[in-house]
Amino acid sequence: MRHEETLYAIALRRCPLIGDVIFRKLVAEVSSAKEVWDLSKSGLQTIFGIGRKIAVEIGNPDHLKFAEKEIEFCLKNNIKINLRHLGDLPAILNECDDAPAILYQKGDFDSSKKAVSIVGTRNISNYGKQFIEDFLNAVKNENITTVSGLALGADAEVHDISIKNKIQTVAVLAHGFHTLYPSRNRKLSQKILEENGVLFTEFNSSQKPDRENFIQRNRIIAGLTPATVVVETAFGGGSISTATFANNYNREVYALPGRIDEKYSQGCNQLIFQNKAAVISTIPSLVDQLGFQNGTAKTGELFPSSEIKIVLPEQQENILAILDKKTPFSLDEISQRLEIPTYKILPDLLQLEILGLIKALSGRQYLAL
């Protein structure tokens, strides 16, 4: 029964003009791919939105022959065939209206882990590499899975550093399992599987890495996780489409800001400017926002390897020495203890508040933080 349904699902999905949404509509009408295949042409056209051009290809024996060969290929290469209408997709991906009807899989996906998508430009800078390394180092002891697209640059960094940190990593491909693009990442793809990672693709073994496939692939990267992190990208880069899909799925998006004159920071800066992504100000705060336990943000810190210690003027140090974390002190009390007029203390109090070292309460009272 399972084999038969898989056969007809592959044949049906291969019909021209039948995409994931129409596939889902057809199967929902009659409960199985086989029943759709067996419907008469007139019966098919009674389904709302299914015209003659779609109906004429359903039942074509060439598609059925292809499906038979595809199943043989998958069995030979240890590829799992997930059917959405049978509940095989990861639950979080299944929430997306345009999730793939068929998802091919190598490796075992652990849905109990908290997954995060990390994407970026092929032309990643040392700044972007350092961010990926420091972020993954910060979460390596968490129950985490990383998801990316196995492209050169940022994607490869994500997969490679995840493996080094013993983090499960998932690569989503833009072609069938009969090939590997880019070929330079073939060894990396094998390493992903050896280290208990996963390769996913919605494309069958006849589909090459055509340009349009990459945009389609990006929606799966966004759909597999509750949050997407964009490291570096230019205006209109592929990572922008991933962020757009994530926004459309009501998932969280975070972007690493950069210099405005850096081409591959401009896309991230634009996402932040348009309120389509939250700014990454520190790695600990990002870790905390993603729901992990190790996020304790420090003022002035972006990467944990570049800790900044603030040297305060003597008068501000003296104010901090007086203030308590539980009992507030008024401006007048601080003035009396320091024996300095209040008007000379106010600028220092304001500066300490901006730095996040003290908290101002009503009635000109202050607490240390």
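So, a few notes on the structure that sits alongside this text.

Reading the values: rules and limits
- The residue count restarts for each chain, going from 1 along the sequence in the order it is written.
- Per-residue local features of the predicted model are confined to residues with pLDDT of at least 70, and side-chain atom pairs are confined, for both listing and counting, to 80 or more; whole-chain, interface and lining totals are unaffected and use all residues.
- Water and hydrogen atoms were dropped before computing side-chain values, which therefore reflect all heavy atoms in the structure.
- By definition, two strands form a pair when at least two bridges between them are found by DSSP.
- What counts as a helix is a DSSP run of H or I of at least four residues, what counts as a strand is a run of E of at least two, and both are numbered from the N terminus.
- A pair is scored as a salt bridge if a Lys or Arg side-chain nitrogen falls within 4 Å of a carboxyl oxygen belonging to Asp or Glu.
- Under the scheme applied here, a residue whose accessible area is under 20% of the maximum for its type counts as buried, over 50% as exposed, and between as partly exposed, the area being computed with a 1.4 Å probe on protein chains only.
- Should any heavy atoms of two residues lie within 4.5 Å, those residues are counted as being in contact.
- What qualifies as a polar contact is a pair of N or O atoms within 3.5 Å, subject to a donor-acceptor requirement within protein and to the restriction that residues adjacent in sequence count only when both atoms come from side chains.
- Joining through side-chain atoms within 4.5 Å is the link that ties buried Ala, Val, Leu, Ile, Met, Phe, Trp, Tyr and Cys residues into a set, and such a set is a nonpolar core.

## Considerations on the sheet that holds strand β3 (residues 114-119)
The sheet built from nine strands is open, its strands ordered β1-β2-β6-β5-β4-β3-β7-β8-β9 with mixed pairing. The open sheet is flanked by β1 (80-83) and β9 (278-279), the only strands paired with a single partner. Pairing geometry for strand β8 (residues 252-255) and β9, over two bridges, is parallel. Each residue of the ladder has a partner; that of A255, found in β9, is V279.

## Overview of the pattern of salt bridges
In the structure shown here, the tally under the stated rule is 10 salt bridges. As a salt-bridge pair, R219 and D20 come within 2.9 Å of each other at their nearest N and O atoms. Pair noted here: R219 is in helix α11 (residues 211-223) and D20 is in helix α2 (residues 20-30), with a separation of 199 residues, a long-range link. Residue R219 is classed as buried on the basis of its relative accessible area, which comes to 6%.

## A closer look at the environment of D20
Given the relative accessible area of 10%, D20 is considered buried. C-alpha separation for the pair D20 and S330, spaced 310 residues apart in sequence, amounts to 65 Å. Those residues in contact with D20, other than ones at most four positions away along the chain, are R13, D98, A99, P100, A101, E202 and R219. Polar contacts involving the side chain of D20 include one to the main-chain amide nitrogen of A101, which spans 2.8 Å.

## Things to note about the nonpolar core
Core analysis: the largest hydrophobic core is formed by 42 residues, its most contacted members being L12, L26 and I58. No other element matches helix α1 (residues 2-14), which puts six residues into this core. Listed in part, the 28 residues of the second largest apolar core include A99, A243, V253 and C268.

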